[in-house]
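# Descriptive analysis of the structure
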Amino acid sequence: PIFDAADVMRLGKDLFVCHSFTTNRKGYEWLRRHYNSRGLRVHFIDFPDDTAPMHLDVNFVPLNSNTMLLNPVRPPRPWVRTLLERNGWKVITGVSNGLGVAPLSQCSEWLALNVLSIDEKRVCVEAQETKLQELLASHGFEPIPVPLRSVAQFGGAFHCCTTDVRRKGKLESYFPHIDALEAAGKECNFAPFGAVAPEAYA
């Protein structure tokens, strides 16, 4: 089993794990066993158009408790978007200014989507990514431009170089439809193979 923390995004009671060069299905299964026993649900997702998948935070970016930012050139499987929408999430398709990266960097222009949400409205965004700032503002967010592009040569941006040290508030679920499935005794950890969609989101 192998997994990388940067391939995992936690949203309350649900963890989304990305199938990538640094996380495999055995790693996902280990995480699922570990966290299911602690009352959390774990889902395995992939991005078929991403030919060099590594890390989740430019493809699947939660901006707040009900808004997801997706990469326009590396979308998830259709069932993932269906899952989001059926659970009341608003989906925004990201944009970038097409900024280049350092020659030896493993990043791409889509580092633009590697942002940091401070709260339900405020989002730290690379200062040069003006198109993304405009997009977020048009959806009611308050983008905070921060010049951090020089970090890209080391392989990351806001989400990569920050971590929670303390969280306030109680554990919440942001997926009421999955809650209902779980309450009914139905499958509530989703890890289909390839293009197959789970029955609940087919």
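These numbers come from a predicted model, not from an experiment. Think of each chain on its own: its residues are numbered from 1, step by step along the sequence as written. Side-chain atom pairs in this predicted model are given and counted only at pLDDT of 80 or more, local residue features only at pLDDT of at least 70, and totals for whole chains, interfaces and linings cover all residues. Only heavy atoms go into the side-chain values, all of them from the structure, while hydrogens and water stay out.

## Topic: the pattern of salt bridges
Here, a salt bridge means any side-chain nitrogen of Lys or Arg that lies within 4 Å of a carboxyl oxygen of Asp or Glu. For the structure on display, the rule yields 9 salt bridges. The residue D14 makes a salt bridge to R41 at a minimum N-O spacing of 2.7 Å. Of this pair, D14 sits in strand β2 (residues 14–18) while R41 sits in strand β3 (residues 41–45); the two residues are 27 residues apart in sequence, bridging distant segments of the chain. For every residue, the accessible area (1.4 Å probe, protein chains only) is compared with the maximum for its type, and the residue is labelled buried under 20%, exposed over 50%, or partly exposed between those bounds. D14 sits in the buried class, given a relative accessible area of 0%. When its relative accessible area of 1% is taken as the criterion, R41 is described as buried. A salt bridge links R74 to D50, with the nearest nitrogen and oxygen atoms 4.0 Å apart. Of the two residues, R74 sits in the loop between β5 (67–70) and α2 (78–86) while D50 sits in the loop between β3 and β4 (60–64), which places them 24 residues apart along the sequence. D50 matches R74 in its accessibility class, with the two residues each being buried. Each helix is a run of H or I in the DSSP string that is no shorter than four residues. Each strand is a run of E no shorter than two, and both are numbered from the N terminus.

## Topic: the sheet that holds strand β7 (residues 116–117)
Spatially, the 3 strands line up as an open sheet ordered β7-β8-β9, and their pairing is mixed. Edge positions in the sheet fall to β7 and β9 (142–146), since each has one partner strand and no second. Those strands touched by helix α3 (residues 130–138) are β8 (122–126) and β9, and its axis lies near 165° from that of β8. Note on pairing: DSSP must find at least two bridges between two strands before they are called paired. By definition in these notes, contact holds between two residues if any of their heavy atoms fall within 4.5 Å. Each axis is a line fitted through C-alpha atoms, and for a helix only the stretch in contact is used; angles between axes span 0 to 180 degrees, taken between their N-to-C directions.

## Some thoughts on the sheet that holds β5
Taken together, 3 strands build an open sheet; the order of strands is β4-β5-β6 and the sheet is mixed. The open sheet is flanked by β4 and β6 (90–93), the only strands paired with a single partner. Sheet twist, expressed as the mean angle between neighbouring strand axes with direction ignored, is 30°. Bridge analysis of β4 against β5 gives 4 bridges, and the strand direction is antiparallel.

## Re the packing of aromatic side chains
What describes a pair of aromatic rings is the distance from one ring centre to the other and the angle between the planes of the rings. Each Phe, Tyr or Trp ring, with Trp reduced to its six-membered ring, pairs with another whose centre is within 6.5 Å; inter-plane angles below 30 degrees give stacked pairs, above 60 give edge-to-face pairs, and intermediate values give tilted ones. Inspection of the entire model under this criterion finds 7 aromatic pairs. Arranged with centres 5.5 Å apart and planes meeting at 25°, the rings of F3 and W30 form a pair that is stacked. Residue F3 is located in the segment before β1 (8–11), and its partner W30 is located in helix α1 (residues 25–36); the two are separated by 27 residues in the primary sequence. Relative accessible area serves as the criterion here: at 38%, F3 is assigned to the partly exposed category. According to the relative accessible area criterion, W30 is partly exposed, its value standing at 37%. Their ring planes at 50° and their centres at 5.5 Å tell us that F16 and F175 sit as a pair that is tilted. Here F175 lies in the loop between β9 and α4 (176–183) and F16 lies in strand β2, a separation of 159 residues in the sequence. Judged by relative accessible area, F175 falls into the buried class, the value being 0%.

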